[in-house]
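Survey of secondary and tertiary structure
Below, each chain spelled out in residue letters.
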Amino acid sequence: MIDSIKISNFRCFNETEISGFKQFNLFGGKNNSGKTTLLEAIYFGSSHRNSPGMAPNQYLRGLGDSNPMSNLKNIYSDSEDIRVEYKNNDTSIFRAYQAHMYKQSKTAVDIIFSKSNNQTIPNELNIVQDFDKLSILGKDFELLKIAKIVDSSINHIRTYASNPNFLYLKKEGGDQYHPLAYHGDAMNKLIKYVLLIFNCQEGAILLLDEIENGLHYTIHEEFIYSIIKLCNERQVQFFATTHSKEFIQAFINVINDHPELEEKSAYFEMAKHYKTNEIIASSIPLDALEIKLSQNKSFRGE
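What counts and how
Residues numbered from 1 in each chain as written. Predicted model: local features only at pLDDT ≥ 70, side-chain atom pairs only at ≥ 80, totals over all residues. Heavy atoms only, no water. Helix = DSSP H or I, 4+ residues; strand = E, 2+ residues; numbered from the N terminus. Buried < 20%, exposed > 50% of the residue type's maximum accessible area, 1.4 Å probe, protein only. Contact = heavy atoms within 4.5 Å. Salt bridge = Lys/Arg side-chain N within 4 Å of Asp/Glu carboxyl O. Phe/Tyr/Trp six-rings, centres within 6.5 Å; stacked < 30°, edge-to-face > 60°. Pairing = 2+ DSSP bridges. Axes fitted to C-alpha atoms, helices over the stretch in contact; angles between N-to-C directions. Polar contact = N/O pair within 3.5 Å; in protein donor to acceptor, adjacent residues only side chain to side chain. Parallel < 35°, antiparallel > 145°, perpendicular 65-115°, else oblique. Left-handed = near helix turned anticlockwise from the far one by under 90°. Nonpolar A, V, L, I, M, F, W, Y, C, P; charged D, E, K, R; others polar.

All right, on to the overall build of the protein then. Scanning the protein from N- to C-terminus turns up eight helices and 15 strands. In the protein, which comprises 302 residues, the share counted as buried stands at 51%. Residue pairs at least 24 apart in sequence account for 65% of intrachain contacts in the protein once pairs closer than 6 positions are excluded.

This is the structure in structure tokens:
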């Protein structure tokens, strides 16, 4: 797992170092405080997404022109030296682009990035195939149990060989199965996240941008606990961003209800330094964060 990261000349980051990452990391902050860009930097640093000499992954925002490097480097710096360095137990996992020269990293890291627009990189999730893999392992009942968080009347999930592009759900009291797409954003998001976790390698890193989008606040706690529980079982580390005060409170509530998760969880408030304009990420202990929330004091960079 990643313990810390150092980012140089990457988009809104000039020279930023963030430490204290745990297995479950949540980031809050105002718009343009660097939350999504942090996830992009982590993804940019993954070792096996590009071949030597190739340009950065074209799925990152704004990489549509003939010189993608111009969209990655810090706009306030003349330096072409873009660097991302992870540290894990004092072992560096390193990737850098320097004047279009690619440098291999020392250690491969399996990283999956679920973006706010519901796109997944490096490869779009194949819902049907990944559900079938889960079913073969006899774990499809776990997906059904989690689907009930959104709609308790769901009683079966299946695929059809005659229509292999859709996952189908059936409700209690009904005879017909309906495609997953008919069941709303929250159901689609929850099932997607569960399948991502089950089908990634153990020890992978999962990046979830605007994790709360499409989820009603009343299911935040069950949703968070289900995701954390699965990641814990699979030894998956996640980094998630949020704009929601309710989601942050739900995150705290889950940790309070499950004290064994406290040492594995962290919250970071991202903001621009009032003097230097540099992006900073401050780790806030969850008990202190809870006091801030209860007293309506500054959090998320307000």
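Read on for the rest.
The subject of this paragraph is the pattern of salt bridges. Going through the model one piece at a time under the given rule, you end up with six salt bridges. For Glu 142, the salt bridge is made with Lys 139, and the minimal N-O distance between the two is 3.7 Å. Residue Lys 229 pairs with Glu 233 through a salt bridge whose shortest N-O separation is 2.9 Å. Note that Lys 229 and Glu 233 are positioned in helix 6 (residues 220–234) at a spacing of four residues, about one turn of the helix.

A few words now on the packing of aromatic side chains. Enumeration according to the criterion identifies 12 aromatic pairs in this entry. With a centroid separation of 6.1 Å and an interplanar angle of 45°, the aromatic rings of Tyr 43 and Phe 113 are classed as tilted. Pair noted here: Tyr 43 is in helix 1 (residues 35–44) and Phe 113 is in strand 7 (residues 111–114), with a separation of 70 residues, a long-range link. Each member of the pair, Tyr 43 as well as Phe 113, carries the same accessibility label: buried. Residues Tyr 160 and Tyr 177 carry aromatic rings whose centres are separated by 6.1 Å and whose planes lie at 85° to one another, so their mutual orientation is edge-to-face. With Tyr 160 in strand 9 (residues 154–160) and Tyr 177 in strand 11 (residues 177–179), this pair connects stretches of sequence that are 17 residues apart.

The sheet built from three strands is open, its strands ordered 9-10-11 with antiparallel pairing. Whereas interior strands pair on both sides, the edge strands pair on one side only; in this sheet they are strand 9 and strand 11. Adjacent strand axes in the sheet meet at a mean angle of 35°, parallel and antiparallel pairs treated alike. Pairing of strand 9 with strand 10 (residues 163–171) involves six bridges; the strand directions are antiparallel. Residue Thr 159 lies in a different strand from strand 10, and its bridge partner there is Leu 167.

Next up on the list: the side chain of Thr 159. For Thr 159, the location among the structural elements is in strand 9. Exposure remark for Thr 159: the relative accessible area of 18% places this residue in the buried category. At 3.2 Å, the side chain of Thr 159 forms a polar contact with the side chain of Asp 132. Ignoring any residue separated from it by four or fewer positions in sequence, one finds Thr 159 in contact with Val 128, Phe 131, Asp 132, Phe 166 and Leu 167.

On to the packing of helix 7 (residues 245–257) against helix 8 (residues 286–294), then. As a packed pair, helix 7 and helix 8 sit with axes 10 Å apart at the nearest point and diverge in direction by 135°. Of the possible angle classes, the one that applies to helix 7 and helix 8 is oblique. For the pair helix 7 and helix 8, the sense of crossing is left-handed. Residues Lys 245, Ile 248, Gln 249, Phe 251, Ile 252, Asn 253, Ile 255 and Asn 256 of helix 7 lie in contact with helix 8, whose contacting residues are Leu 286, Leu 289, Glu 290 and Leu 293. Considering only residue class, the contact of helix 7 with helix 8 consists of seven nonpolar, three polar and two charged.

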